[in-house]
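Inside the fold
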Amino acid sequence: MEKISFRVPDTEYKKLDSLRGNSKLSVYMRKVVSEHLEQARAETDQFQQLMTDVSTIKQKLLTGSQGGMNELALLRLAGYMAELLAVFNPLTQGRNRGAIAELLQKLKADLTEA
């Protein structure tokens, strides 16, 4: 196991010390780093899934446009894309992770039905 060492301002140290509760500071900091890495992995996975979904949507639009994609499918697509843009914002992404996944699933289902 490797060792990481860093300095923090006294005010930050006091905050960390109070947040750790009954845990040793080193145990608490390992937990913080682990949770951060887990969240980064989850966000990376979510982004990769989004890129896969975008590719699927692109294919649906390309094949649909050759056969004349119907107006209802386009309206559904526009509505979902507007909602996605509203919630897929770095400041709100963490709070809306579930909503983003639901919207993508609804969009794929509706495009399949169209």
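This one's a predicted model, so the numbers in the text were calculated from it and none came from an experiment.

Turning our attention to the overall build of the chain. Scanning the chain for helices and strands turns up 4 helices and 0 strands. Starting at the N terminus and walking to the C terminus, you meet the elements of the chain as α-α-α-α. Across the 114 residues in the chain, those meeting the buried criterion constitute 18%. Counted over contacts in the chain with a minimum sequence separation of 6, partners at least 24 positions apart contribute 53%. Carbon and sulfur atoms form 57% of the exposed surface of the chain, whose accessible area is close to 9000 Å².

What follows concerns helix α1 (residues 10–19). Little of α1 sits out of view: just 1 of its 10 residues are buried. With its phi angle positive at about 65°, glycine 21 sits one or two positions after the end of α1.

Judged by nonpolar contacts, Ile57, Leu77, Tyr80, Leu103 and Leu107 together constitute the single largest core of 5 residues. If we skip the residues at most four places from it in the chain, tyrosine 80 touches Leu103, Lys106, Leu107 and Asp110.

So, on to a nonpolar patch on the surface. Together, Ile4, Phe6, Val8 and Tyr13 line one region of the surface with nonpolar side chains, adding up to about 430 Å² of accessible area. Residue placement: valine 8 occurs in the segment before α1. Using a relative accessible area of 31% as the deciding quantity, one classes valine 8 as partly exposed.

Across the chain, pLDDT averages 78, with 75% of residues at or above 70. Averaged over each element, pLDDT in the chain is lowest for helix α3 (residues 71–87) (70) and highest for α1 (94).

What follows is about the environment of glutamate 43. Secondary-structure assignment places glutamate 43 in helix α2 (residues 25–66). Overall, the relative accessible area of 28% leaves glutamate 43 in the partly exposed class. Distance in space between the C-alpha atoms of glutamate 43 and arginine 97 is 9.0 Å, their sequence separation being 54 residues.

Evaluated as defined, the whole model comprises 3 salt bridges. Salt-bridge contacts for arginine 20 lead to aspartate 17; the nearest nitrogen and oxygen are separated by 2.5 Å. Residue class for aspartate 17 comes out partly exposed when judged on its relative accessible area of 30%. With a closest N to O distance of 4.0 Å, glutamate 35 and lysine 31 form a salt bridge. Here the residue glutamate 35 and the residue lysine 31 both occupy positions in helix α2, the gap between them amounting to 4 residues, near one helical turn. Since its relative accessible area comes to 45%, glutamate 35 is described here as partly exposed. Residue lysine 31 is classed as partly exposed on the basis of its relative accessible area of 48%.

About the cut-offs
Residues numbered from 1 in each chain as written. Predicted model: local features only at pLDDT ≥ 70, side-chain atom pairs only at ≥ 80, totals over all residues. Heavy atoms only, no water. Helix = DSSP H or I, 4+ residues; strand = E, 2+ residues; numbered from the N terminus. Buried < 20%, exposed > 50% of the residue type's maximum accessible area, 1.4 Å probe, protein only. Contact = heavy atoms within 4.5 Å. Areas by Shrake-Rupley, 256 points an atom, 1.4 Å probe, with all protein chains shown as cover. Core = buried A, V, L, I, M, F, W, Y, C linked by side-chain atoms within 4.5 Å. Patch = residues over 30% accessible without salt bridge, like charges linked within 9 Å, V, L, I, M, F, W, Y side chains within 5 Å. Salt bridge = Lys/Arg side-chain N within 4 Å of Asp/Glu carboxyl O. pLDDT = per-residue confidence, 0-100.

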